[in-house]
Amino acid sequence: MTSHPPIRAVTPCQREEPEIWFSQTPSGVEYAKALCLDCPFRTACLEGALERREPWGVWGGELFEQGVVRPRKRPRGRPRKYPLSA
């Protein structure tokens, strides 16, 4: 009987371009987070990023900015002083 090497899962971060995980746009960040949803290593990736205090990027389906998990990426520029009228 021959021994076979273990089957390796090709994860989204191995399949996609590295820049995707460090997007500067809100839509790019949401795309990267969506790619992580079905990854079998999502929890381990997130735990590792928290331990390492990753400064930025998408890790384990979460956005890190300045070492803190953020719910979403803010668009560039200043926020409006007054809301738009409907």
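Our subject is the structure listed above.
The structure presented is a predicted model; accordingly, all values stated were derived computationally and were not measured.

**Observations regarding helix α2 (residues 26–36)**
Argument step 1. All buried positions along α2 are accounted for by Gly28, Val29, Ala32, Lys33, Leu35 and Cys36. The arc enclosing the buried residues of α2, seen along the axis, measures out at 155 degrees, which places them on a common side.
Argument step 2. If you follow the buried residues of α2, they end up packed against α1 (12–15), α3 (42–52), β1 (56–59) and β2 (62–65).

**Regarding the sheet that holds β2**
Argument step 1. If you trace the three strands from one edge of the open sheet to the other, you get β1-β2-β3, paired in antiparallel fashion. Edge positions in the sheet fall to β1 and β3 (68–70), since each has one partner strand and no second. Averaged over all neighbouring strand pairs, the angle between strand axes comes to 35 degrees, with direction disregarded.
Argument step 2. Relative to β2, β1 runs antiparallel, the two being bridged by four bridges. Across the sheet, the residue bridging to Trp59 is Glu62, located in β2.
Argument step 3. Relative to β2, α3 is tilted by about 10 degrees, and along the sheet it contacts β1, β2 and β3.

**Side note on the packing of aromatic side chains**
Argument step 1. Summed over all chains, the structure comprises two aromatic pairs.
Argument step 2. Between Phe22 and Trp56 the ring centres are 5.0 Å apart and the planes differ by 65 degrees, which places this aromatic pair in the edge-to-face class. On the criterion of sequence distance, the pair formed by Phe22 in the loop between α1 and α2 and Trp56 in strand β1 is long-range, its members being 34 residues apart.
Argument step 3. Judged by its relative accessible area of 41%, Trp56 is partly exposed.
Argument step 4. Plain terms: the ring middles of Phe22 and Trp59 are 6.2 Å apart, the flat faces sit at 75 degrees to each other, and that makes the pair edge-to-face. Of the two residues, Phe22 is situated in the loop between α1 and α2 and Trp59 in strand β1; the sequence distance between them amounts to 37 residues.
Argument step 5. The exposure class assigned to Phe22 is partly exposed, which follows from its relative accessible area of 29%.
Argument step 6. Taken together through their ring pairs, the aromatic side chains of Phe22, Trp56 and Trp59 make up a single cluster.
Argument step 7. Between Arg52 and the ring centre of Trp59, over which it is positioned, the NZ or CZ distance is 5.2 Å.

**Notes on unusual backbone geometry**
Argument step 1. Non-glycine residue Arg53 carries a positive phi angle of around 55 degrees.
Argument step 2. Mapped onto the fold, Arg53 is located in the loop between α3 and β1.
Argument step 3. Judged by relative accessible area, which is 68%, Arg53 ranks as exposed.
Argument step 4. Although it is not a glycine, Gln66 sits at a positive phi angle of roughly 55 degrees.
Argument step 5. Mapping Gln66 onto the fold places it in the loop between β2 and β3.

Reading the values: rules and limits
Residue numbers here run from 1 along each chain, matching the order of that chain's written sequence. In keeping with the predicted nature of the model, local features appear solely for residues at pLDDT of at least 70, side-chain atom pairs appear and are counted solely at 80 or more, and the whole-chain, interface and lining totals rest on all residues. Hydrogens are left out, water is left out, and the side-chain values use all remaining heavy atoms of the structure. Type-normalised accessible area, obtained with a 1.4 Å probe on protein chains alone, sets the label of each residue: buried when under 20%, exposed when over 50%, and partly exposed for intermediate values. Helix and strand definitions here come from DSSP, where helices need a minimum of 4 consecutive H or I residues and strands a minimum of 2 consecutive E residues; each element is numbered from the N-terminal end. The directions considered for the arc run from the helix axis to the C-beta atoms. In this analysis, two residues are considered to be in contact whenever any of their non-hydrogen atoms come within 4.5 Å of each other. Pairs of strands are assigned from DSSP output, requiring at least two bridges between the strands. Axis lines are fitted through C-alpha atoms, for helices just across the contact stretch, and the angle between N-to-C directions can take any value from 0 to 180 degrees. Geometry of aromatic contacts follows a simple scheme: Phe, Tyr and Trp rings, the Trp one being its six-membered ring, pair when their centres are within 6.5 Å, and the pair is stacked under 30 degrees between planes, edge-to-face over 60, tilted otherwise. Lysine NZ or arginine CZ positioned within 6 Å of the ring centre and within 35 degrees of the ring normal marks a charge as sitting over the ring.

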